[in-house]
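Geometric and topological summary
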Amino acid sequence: MLIVIPELDEEQVGNTVSRFRTIIERTGGEAGEPDHWGRRKLAYEIDHRKDGFYAVMEFTAGERTLVELKRILRVSDDILRHMIVKLPPSYAHQPLPEPEPVEASA
Amino acid sequence: MGKRRSPGGGSRKERPVKSKPCVFCKEDIAYVDYKDYNVLRRFTSDRGKIRARRVTGLCPQHQREAAVAIKRAREMALLAYVAGQ
């Protein structure tokens, strides 16, 4: 899951998210379709911003995916906050085509 | 029996033993999702604190998972750290 800054418009948010999708795929992971929650009010202010665009994506990770993804997420100025969570094997909300042992949602 | 609190506010001493199953067990939920902030909100006080197990009535496993999920949701600004300011 990640929060994109509210200054962008819907299209730019889509571009930002697909940028990370490319990174996942380039590093040997498999990315599902991102789930855009749209603009949402934050529960508290982050960097003096009261809202942000939320996007959730499920993906499987290759060996280098997490290192690379975390590094780029951290240096991206348009990402307000991000979180990568390892999902339990039993989790089957939106099953991916090929479930691998390392499974996570961002 | 089976009721958590006796209706009509009986005296504290004679409150029946609670035997209410945990809500996550009842609905057979294996993974408490941090994205379901509306569900998680039921387990926080109106100040945003995590409620105690004796209040939530969750089983040990699910109370622990719910606590982790609430903390994750707080990090992603889905739930407030300090509510009602």
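Residues numbered from 1 in each chain as written. Chains lettered and ligands numbered in written order. Predicted model: local features only at pLDDT ≥ 70, side-chain atom pairs only at ≥ 80, totals over all residues.

Side note on the overall build of chain B
The helix and strand tally for chain B stands at 4 helices and 0 strands. Ordered by position from the N terminus, the helices and strands of chain B form the series α-α-α-α. A total of 85 residues make up chain B; the buried ones form 24% of that total. (Helix = DSSP H or I, 4+ residues; strand = E, 2+ residues; numbered from the N terminus. Buried ≥ 20, exposed ≤ 12 C-beta atoms within 10 Å, placed from the backbone.)

Let's talk about the interface of chain B and chain A
Counting from both sides, the interface comprises 11 residues of chain B and, opposite them, 13 residues of chain A. The class makeup of the residues in the side of chain B that touches chain A is 8 nonpolar, no polar and 3 charged. (Contact = placed C-beta atoms within 7 Å. Nonpolar A, V, L, I, M, F, W, Y, C, P; charged D, E, K, R; others polar.)

Some thoughts on the confidence of the model for chain B
Residues and elements named next belong to chain B. Of the residues in chain B, 78% reach a pLDDT of 70 or more, and the chain-wide mean stands at 82. The lowest-confidence element of chain B is helix H1 (residues 23-26), averaging 88 in pLDDT; the highest-confidence one is helix H4 (residues 60-75), averaging 92. Reported confidences for the modelled complex are a pTM of 0.76 and an ipTM of 0.76. (pLDDT = per-residue confidence, 0-100.)

Remarks on the sheet that holds strand S3 (residues 35-46) of chain A
Residues and elements named next belong to chain A. In space, the 4 strands of this open sheet follow the order S3-S4-S1-S6, with antiparallel pairing throughout. Two strands lie at the open edges of the sheet, namely S3 and strand S6 (79-82), each paired on one side alone. The sheet shows a mean angle of 30° between the axes of neighbouring strands, taken without regard to direction. Note that strand S1 (residues 2-4) and S6 share 3 bridges and pair antiparallel. When the bridges of S6 are listed, Ile3 appears paired with Arg81. (Pairing = 2+ DSSP bridges. Axes fitted to C-alpha atoms, helices over the stretch in contact; angles between N-to-C directions.)

Description of H4 of chain B
Taking 1.5 Å per residue as the helical rise, H4 of chain B with its 16 residues ought to reach 22 Å, and the 23 Å between its terminal C-alpha atoms agrees with that figure. Of all the positions in H4 of chain B, only His62, Gln63, Glu65, Ala66, Ala69, Ile70, Arg72, Ala73 and Arg74 of chain B are classed as buried. Looking at the buried side of H4 of chain B, the elements it contacts are strand S7 (85-86) of chain A together with H1, helix H2 (37-41) and helix H3 (53-56) of chain B. Positioned one or two residues after H4 of chain B, Ala77 of chain B has a phi angle of 60°, which is positive. (Expected span 1.5 Å × (residues − 1).)

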